[in-house]
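Listed below are the residues making up each chain.
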Amino acid sequence: MEQKHPLPPFTLETALEKIQLAEDAWNSQDPEKVSKAYTIDSEWRNRDIFVSGREEIVVFLQKKWERELNYKLKKEYWAHTDNRIAVRFEYEYQTKDGNWFRAYGNENWEFDENGLMAKRFASINDLAIREEYRKFR
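**Structural notes on the overall build of the protein chain**
What the protein chain contains, in helices and strands, is 3 helices and 6 strands. In sequence order, the secondary structure elements of the protein chain are arranged as α-α-β-β-α-β-β-β-β. Its C-alpha atoms give the protein chain a radius of gyration of 15 Å, near enough to 14 Å, the size a compact globule of 137 residues would have. With the C-alpha coordinates of the protein chain rotated into their principal frame, the extents come out at 45 × 30 × 25 Å. Taken over 137 residues, the protein chain has a buried fraction of 45%. Within the protein chain, residue pairs in contact and separated by at least 24 positions form 55% of the contacts whose partners lie at least 6 positions apart. When the accessible area of the protein chain is evaluated, it comes to approximately 7,700 Å², of which 51% is carbon and sulfur surface. A distance of 4 Å separates the average location of the 23 positive side-chain charges in the protein chain from that of its 26 negative side-chain charges.

**Here's the deal with the layout of surface pockets**
Roughly 240 Å³ of internal volume is contained in the largest pocket. Of all elements in the fold, only α1 (12-28), α2 (31-35) and β5 (100-111) reach the threshold of two or more residues within the lining of the largest pocket. Taken together, the residues of the lining of the largest pocket sort by class into 10 nonpolar, 2 polar and 4 charged.

**As for the environment of glutamate 2**
Note that glutamate 2 resides in the segment before α1. Taking the C-alpha atoms as reference points, glutamate 2 and tryptophan 78, separated by 76 residues in sequence, lie 27 Å from one another. Among all residues touching glutamate 2, those that are not within four sequence positions of it are Lys36, Arg54, Asn114 and Leu116. In terms of polar contacts, glutamate 2 uses its side chain to reach the side chain of arginine 54, at 2.8 Å.

**Focus: the side chain of lysine 64**
Position of lysine 64 relative to the elements: it lies in helix α3 (residues 54-67). Residue lysine 64 is classed as buried on the basis of its relative accessible area, which comes to 3%.

Here is what the cut-offs are and how they apply
Residue positions within a chain follow its written sequence, with the count starting from 1. For this predicted model, a pLDDT threshold of at least 70 governs which residues receive local features, and a threshold of 80 or more governs which side-chain atom pairs are given and counted, while totals over whole chains, interfaces and linings are taken from all residues. As a rule here, side-chain values come from all non-hydrogen atoms in the structure, and water together with hydrogens is ignored. Secondary structure counts use DSSP, requiring at least four H or I residues in a row for a helix and at least two E residues in a row for a strand, with both numbered from the N terminus. With the radius of gyration taken over C-alpha atoms, the globule rule is written as 2.2 Å times the number of residues to the power 0.38. Burial classes: relative accessible area under 20% of the type maximum marks a residue as buried, over 50% as exposed, and values in between as partly exposed (1.4 Å probe, protein chains only). A contact between two residues is defined here by any heavy atoms of the two lying within 4.5 Å. All accessible-area figures derive from a Shrake-Rupley calculation using a 1.4 Å probe, and residue coverage is judged against the displayed protein chains alone. Under the convention used here, Asp and Glu are negative, Lys and Arg are positive, and both His and the chain ends fall outside the count. Each charge is placed at NZ for Lys, CZ for Arg, CG for Asp and CD for Glu. The rule is simple: put a 1 Å grid over the protein atoms alone, call a set of points where a 1.4 Å probe fits but cannot get out a cavity, call an open set with protein on both sides within 12 Å along at least five of seven lines a pocket, and count a residue as lining if it has an atom within 4 Å of a point. Grid points are joined across faces, edges and corners, and a volume is the space filled by probe spheres set on the points. Asp, Glu, Lys and Arg are counted as charged, while Ala, Val, Leu, Ile, Met, Phe, Trp, Tyr, Cys and Pro are counted as nonpolar; the rest, among them Gly, fall into the polar class. The definition of a polar contact used here is a pair of N or O atoms within 3.5 Å, where within protein one atom must be able to donate a hydrogen and the other to accept one, and adjacent residues in sequence count solely through side-chain atom pairs.

Structural data, given as structure tokens:
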């Protein structure tokens, strides 16, 4: 049985650990690695895009990181319950034409009993920034 520790039910300590693991994985910009944290049939809403399953997650992330260069993400704990975690996040990226953006958002995560994320709902807004206003280097 495939498991991704820590497992629910989450304590504050294990929720914080789960968040850090997610941040580290996303900052690797490795779609295959990131996809392993999700159930085979995981459901996503990312902005106005709906993704279903690991294969679609990999394709989504490949396209994302082709567009979003010099990507750097920071996640922050917001709340948790037994098998759910809410985070706020911000990340910065550069487009191919050299423009910088900071994305702000919230994610709601729901995990199965094996610690794999079954649902991920992300609301995200992008703000154009000048390079000298970058937070993450």
